[in-house]
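A structural walkthrough
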Amino acid sequence: MPAPTDAIAGWRPIDAVAARFVGWAVDTEGSSRSSALIRIGLAMLFWSRWAGELLLYIDQSPAGLFLAVNFFMATALLFVGYHSRIAAVWAGSVGLAMYYYFGFQLGHEPWTHHHVYLLAIAALLIALTPCGRSYSLDRYLAVMRAERAGLPPPAERGNLWGLRLIVVQLSVLYFFAAFDKSSYAFLSGARIEQIFLWYYAGSDYPAGLAWIAIIVSVAVVVLEYCLAFGLPFRRSRRYLVLPGLAFHAIIYLTLPVYTFSATMALLYLAYFDADAVDKVIARLQGIGLAGTAGEEIS
């Protein structure tokens, strides 16, 4: 059942609002191609962040080898899309084990950062989508079975409630990131000054830095609040997508938070109507749609 990408649009009686929200949240079906792209991107981000640390010769303890084997098996299956949803749960579980057990319990500090948690949760949430019905070995095998049975290929469609949960996760993340910065320590520019001096200027304090830091600090907080409340809605999203992506591109290039920035940019796909994404892909590749196209991305 196609449904708009807006959770609630305008004021309606409470029962109509509730019905519309339920339709948006759990009753929406659409193309599986955007979910598949997120699945593939998450596997690549897992490798980009941890593959070099988990090669089999690095930690040859039983726990280290067990973690490495599970990591590479789960992410390889996630990438090629074989038993895709199981692979997503497997990869997400490995990520949470790295975050909670190896990170906090065993004291491996680099694995306690928020980007580790976000990657793991994103993998678990993508398991709630039809992420294996497109661009996957699962899809290839399904098409082969259909051809042998003389049937048309299965539709590349499914329930998209996992994408809705990703939208909620991102909005919560943006809100609490802004809320955490809504203090004098950040809004005064002190934290921005500290970051700049640590990574770029050393002990040389540039002239005018204080005012620039205040402006940047306030702009960051305002933008994060706007992204938290505006991105889920189509009318405001059109004005926020480019600033949001630019924001993550800037911190990707200037600060050591590249995994987090890349993950956030990838998960922006969840904000858009899946059939509209399908329509764009079909237009670019000159191929057929996975299903009925929805409203255009805007």
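Residues numbered from 1 in each chain as written. Predicted model: local features only at pLDDT ≥ 70, side-chain atom pairs only at ≥ 80, totals over all residues. Heavy atoms only, no water.

So, about the packing of aromatic side chains. In this structure the tally under the stated criterion is 18 aromatic pairs. Here tryptophan 47 and phenylalanine 79 contribute two aromatic rings whose centre-to-centre distance is 5.1 Å and whose plane-to-plane angle is 45°, an arrangement assigned as tilted. Within this pair, whereas tryptophan 47 is found in helix 2 (residues 33-50), its partner phenylalanine 79 is found in helix 3 (residues 62-80), the two being separated by 32 residues in sequence. Note on phenylalanine 79: relative accessible area 31%, which makes it partly exposed. Between phenylalanine 175 and phenylalanine 229, the ring centres sit 5.8 Å apart and the planes meet at 75°, which makes this aromatic pair edge-to-face. Highlighted residues: phenylalanine 175 in helix 7 (residues 161-181) and phenylalanine 229 in helix 10 (residues 209-230), separated in sequence by 54 residues. Linked through ring pairs, Phe175, Phe176, Phe179, Tyr225 and Phe229 together constitute an aromatic cluster. (Phe/Tyr/Trp six-rings, centres within 6.5 Å; stacked < 30°, edge-to-face > 60°. Helix = DSSP H or I, 4+ residues; strand = E, 2+ residues; numbered from the N terminus. Buried < 20%, exposed > 50% of the residue type's maximum accessible area, 1.4 Å probe, protein only.)

Time to look at a nonpolar patch on the surface. A contiguous nonpolar patch, built from Met44, Phe79, Val80, Tyr82, Leu137, Tyr140 and Leu141 and spanning about 600 Å² of accessible area, is present on the exposed surface. Within the residue set of the nonpolar patch, elements represented by two or more residues are helix 3 and helix 6 (137-148). With 3 residues, helix 6 is the single largest residue contributor to the nonpolar patch. In this fold, methionine 44 is placed in helix 2. Residue methionine 44 is classed as partly exposed on the basis of its relative accessible area, which comes to 48%. (Patch = residues over 30% accessible without salt bridge, like charges linked within 9 Å, V, L, I, M, F, W, Y side chains within 5 Å. Areas by Shrake-Rupley, 256 points an atom, 1.4 Å probe, with all protein chains shown as cover. Salt bridge = Lys/Arg side-chain N within 4 Å of Asp/Glu carboxyl O.)

Attention shifts here to the environment of leucine 197. For leucine 197, the location among the structural elements is in helix 9 (residues 190-201). With residues up to four places along the chain from it excluded, the contact list for leucine 197 reads Gly202, Asp204, Tyr205, Pro206 and Leu209. (Contact = heavy atoms within 4.5 Å.)

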